[in-house]
Amino acid sequence: MTEERRQELDEYILNETSDPETQEWRDELTDVEEIEYVNSEDERYENFLVNVYTRICELDKNRGGKI
């Protein structure tokens, strides 16, 4: 998936409401795109959690504590 397409999907998702017109983009989404998008979101979330945990450990270490 290109970065442009990913940004396009992000925009659709952020602007989606209960109005059916804002959900029309879902009809054009292919199975492959959906899988790629979900996998990339999972990876982003995993990286975020690793970064948060790493930062907490660094702060704890600097304060002389143990987690």
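This report concerns the structure included in the present document. Small disclaimer: the values here were computed from a predicted structure and weren't measured. (Residues numbered from 1 in each chain as written. Predicted model: local features only at pLDDT ≥ 70, side-chain atom pairs only at ≥ 80, totals over all residues. Heavy atoms only, no water.)

Observations regarding the pattern of salt bridges
Logical step 1: The full count for this structure, using the stated rule, is 7 salt bridges.
Logical step 2: Glu-33 is the partner of Arg-5 in a salt bridge, and the nearest nitrogen-oxygen pair spans 2.7 Å. In this pair, Arg-5 is assigned in helix H1 (residues 3-14) and Glu-33 in helix H3 (residues 31-62), connecting sequence segments 28 residues apart.
Logical step 3: Within the structure, one salt-bridge network assembled from shared partners comprises Arg-6, Asp-10, Glu-41 and Arg-44. (Salt bridge = Lys/Arg side-chain N within 4 Å of Asp/Glu carboxyl O. Helix = DSSP H or I, 4+ residues; strand = E, 2+ residues; numbered from the N terminus.)

Let's talk about a negative patch on the surface
Logical step 1: A cluster of like negative charges, contributed by Asp-19, Glu-21, Glu-24, Asp-27 and Glu-28, occupies part of the molecular surface.
Logical step 2: Within the element layout of this structure, Glu-24 appears in the loop between H1 and helix H2 (25-28). (Patch = residues over 30% accessible without salt bridge, like charges linked within 9 Å, V, L, I, M, F, W, Y side chains within 5 Å. Areas by Shrake-Rupley, 256 points an atom, 1.4 Å probe, with all protein chains shown as cover. Lys, Arg positive; Asp, Glu negative; His and termini not counted. Charge placed at Lys NZ, Arg CZ, Asp CG, Glu CD.)

Thoughts on a nonpolar patch on the surface
Logical step 1: Judged by side-chain polarity, Tyr-45, Phe-48, Leu-49, Val-52 and Ile-56 come together as a nonpolar surface patch covering roughly 480 Å² of accessible area.
Logical step 2: Its place among the elements puts Ile-56 in helix H3.

Focus on the side chain of Arg-6
Logical step 1: Mapping Arg-6 onto the fold places it in helix H1.
Logical step 2: The class of Arg-6 is buried, set by a relative accessible area of 10%.
Logical step 3: Of note is the side chain of Arg-6, whose polar atom sits 2.6 Å from the side chain of Glu-41.
Logical step 4: When neighbours within four sequence positions are excluded, Arg-6 is seen to be in contact with Met-1, Tyr-37, Ser-40, Glu-41 and Arg-44. (Buried < 20%, exposed > 50% of the residue type's maximum accessible area, 1.4 Å probe, protein only. Polar contact = N/O pair within 3.5 Å; in protein donor to acceptor, adjacent residues only side chain to side chain. Contact = heavy atoms within 4.5 Å.)

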